[in-house]
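# Observations on chain architecture
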Amino acid sequence: MKHHQYALTPPMGWNSWDCYGATVTEEEVKNNADYMAKHLKDYGWEYVVVDIQWSESGAVSSQYRPFIPLEMDEYSRLIPATNRFPSAENNQGFKPLADYVHSLGLKFGIHIMRGIPRQAVHQNTKIKGTEAGARDIAQPNSICPWNTDMYGVNPYHEASQKYYDSLFELYASWDVDFVKVDDIADSKLYHKGHMDEVKMIRKAIDNSGRDMVLSLSPGPAHLNDAAVLEENANMWRMTDDFWDLWELLKDMFERCYRWSKNVGPGHWPDADMLPLGHIGIRSVDGGASDRMTRFTKDEQITMMSLWSIFRSPLMFGGELNDNDEFTLSLLTNEDLLHVHRHGQGARQVYRENDEVVWHSYTNDHDEYVALFNLSDEERTVSVSLEQLGLDKSSLSTMVDVFTKEQVSVNGDKIEKTLRPHACQLIRIKQ
């Protein structure tokens, strides 16, 4: 499928939600793009994504204000609030900001909600290229339970596709590279995904003539929708919003196990953003406000190891300019990023009593083994070479990805005594 070519490796970037909620400004986006260009671009990080509510002039945090006015054009399409994004003045939209990001050698993305603005429906504004109005295509009973901005659209009305076509025509004119569509992969209200609208969005991107990565939120997406998701999207959430809480990280192991067979070039089950570094600046989700991540260093290594060996997209959620040396080291670890970009056949070898082992390999004959201790006490986690399908005589060097220390085989097995919630990720060269 052509759109799979847009994301042959899992997308890597920064998203404004974890630190700025619904309130990010143009200056903050540029500052994070500058950091990425200087410190992370050479390691494969490339997307800069403006998350939700960019059309709301008075957004105050991650708490949504119900039924507030949004900035909108004559064709029922939301546009950036110019008090937050000054370069959008004179109907320029996000084009100047995208140009700035592109000038750094990076790519630009935005978040949108599924459907059509409720205010467009109430005003019955135009749908570009049709005689229909917003009221004709809206489904007022198809709503998001946590945000009041939008109604879903009727997939059987011919003007609905025209509406989505006009949206992505606009985004193409802004030179957008990545679109995160929310309230679509799963719905807390309807207990299913909105696959008809997923298909319309796929068609609209194709009609736009511009390559755009399509990301679907929130989760958990349903495995029975896997075929539709793979056929239409580049990444889709396996989870609801993920925050810096151990119980959520521990739960992700089961989700990664269930979705591991659906990972492939151009279509990536998504474990959600990385709540690392300085988060909660103007976001109160996750049970706490302005903070450095609550994950311990061991838990941060565990998260990065699971996301990377599983090959989830990596979207950093913190204010990049406040990164400390440890956080930056996680984002620039070349051995870790090697398995993330080039790993194949990732599998959970076993999970017993909160001891978990994953294995992956790469085309350059490297093997990766991850030993995880998910328990609240110290444990020795081990795996035999037979379980890994490896032969001792073929092993050359074994290195701990994070400490860079040499690792040795103990008889016919690899083992490590790990602190609670800790991990050892090993790169094996044959």
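Per an unreviewed UniProt entry, the recorded name for the protein chain is Alpha-galactosidase, and the organism is Natronobacillus azotifigens. Check the Sequence similarities (unreviewed entry) section of the UniProt entry for the protein chain; it says "Belongs to the glycosyl hydrolase 27 family." Here the protein chain is described in UniProt, under the heading Catalytic activity (unreviewed entry), as follows: "Hydrolysis of terminal, non-reducing alpha-D-galactose residues in alpha-D-galactosides, including galactose oligosaccharides, galactomannans and galactolipids."

## Some remarks on the pattern of salt bridges
Evaluated as defined, the whole model comprises 29 salt bridges. Of the charged contacts in the structure, one is a salt bridge between Lys128 and Glu169, with a shortest N-O distance of 2.8 Å. Within this pair, whereas Lys128 is found in the loop between helix 4 (118–123) and helix 5 (134–137), its partner Glu169 is found in helix 6 (residues 158–173), the two being separated by 41 residues in sequence. Take Glu169: its relative accessible area is 39%, and that puts it in the partly exposed class. Across the salt bridge formed by Arg379 and Glu355, the nearest N and O atoms sit 3.5 Å from each other. With Arg379 in strand 17 (residues 379–384) and Glu355 in strand 15 (residues 355–361), this residue pair connects regions lying 24 residues apart in the sequence. With respect to class, Arg379 is no different from Glu355; both count as buried. When salt bridges that share partners are traced, they join Lys95, Asp99, Asp175, Asp177 and Arg210 into one network.

## Remarks on unusual backbone geometry
In this model, Ser217 is joined to Pro218 through a cis peptide bond whose omega is -20°. Looking at where Pro218 falls in the secondary structure, it is placed in the loop between strand 8 (213–216) and helix 8 (226–232). Gly219 connects to Pro220 through a cis peptide bond whose omega is 5°. Mapping Pro220 onto the fold places it in the loop between strand 8 and helix 8. A positive phi angle, close to 65°, is found at Asp175, a residue other than glycine.

## Observations regarding the state of the cysteines
For the structure shown, the criterion picks out 0 disulfides. Cys423 takes part in no disulfide bond, and the closest cysteine sulfur to it belongs to Cys256, at a distance of 13 Å.

## Brief notes about the packing of helix 6 against helix 7 (residues 195–208)
Across the interface, helix 6 lies against helix 7 with an axial gap of 8 Å and an inter-helix angle of 45°. In this view, helix 6 runs oblique relative to helix 7, as classed from their interaxial angle. Along this stretch, helix 6 crosses helix 7, giving a crossing that reads as right-handed. Counted together, Ser160, Gln161, Tyr164, Asp165, Phe168, Glu169 and Ala172 of helix 6 and Glu197, Met200, Ile201, Lys203, Ala204, Ile205, Asn207 and Ser208 of helix 7 form the full contact between these two elements. Here the contact of helix 6 with helix 7 is composed, by residue class, of 7 nonpolar, 4 polar and 4 charged.

## What about the sheet that holds strand 5 (residues 138–143)?
Across the sheet, 3 strands lie side by side as 4-6-5; this open sheet has antiparallel pairing. The strands lining the two open edges of the sheet, one partner per strand, are strand 4 (116–117) and strand 5. Looking at chain direction, strand 4 and strand 6 (residues 150–153) are connected through 2 bridges and run antiparallel. Across the sheet, residue Ile116 finds its bridge partner in strand 6, namely Tyr151.

## Description of the pairing of strand 20 (residues 423–429)
Across the 7 residues of strand 20, 6 count as buried, placing the element largely inside the fold. Bridge analysis of strand 16 (residues 366–373) against strand 20 gives 7 bridges, and the strand direction is antiparallel. Across the sheet, the residue bridging to Phe372 is Cys423, located in strand 20. Looking at chain direction, strand 18 (residues 397–400) and strand 20 are connected through 4 bridges and run antiparallel. Bridge pairing in strand 20 links Val399 to Arg427.

Conventions adopted
Numbers given to residues run from 1 along each chain, matching the order in which its sequence is written. Owing to the predicted nature of the model, reporting of local features is limited to residues with pLDDT of at least 70; listing and counting of side-chain atom pairs is limited to 80 or more, with chain, interface and lining totals taken over all residues. Heavy atoms throughout the structure, all of them, feed into the side-chain values; hydrogens and water do not. UniProt positions are given in the numbering used here, feature names are shortened, and annotations may be inferred rather than shown by experiment. For this analysis, a salt bridge means a side-chain nitrogen from Lys or Arg found within 4 Å of a carboxyl oxygen belonging to Asp or Glu. The secondary structure listing takes helices from DSSP runs of H or I that are at least 4 residues long and strands from runs of E that are at least 2 residues long, numbered from the N terminus. The cut-offs for exposure are 20% and 50% of the maximum accessible area for each residue type, with area from a 1.4 Å probe on protein chains only; residues under the lower value are buried, those over the upper are exposed, and the others partly exposed. A pair of cysteine sulfur atoms is labelled a disulfide when the two atoms are within 2.5 Å. Every axis corresponds to a line fitted to the C-alpha atoms, with the helix fit spanning only the stretch in contact, and the corresponding angles, defined between N-to-C directions, vary from 0 to 180 degrees. Roughly parallel means an angle under 35 degrees; roughly antiparallel means over 145; roughly perpendicular covers 65 to 115; every other angle is labelled oblique. For a crossing to be left-handed, the near helix must be turned anticlockwise from the far one by less than a right angle; the clockwise case is right-handed. Contacts: residue pairs with any heavy atoms within 4.5 Å of one another. Just so you know the grouping, Ala, Val, Leu, Ile, Met, Phe, Trp, Tyr, Cys and Pro go in nonpolar, Asp, Glu, Lys and Arg go in charged, and all remaining residues, Gly too, go in polar. For two strands to be treated as a pair, DSSP must find at least two bridges joining them.

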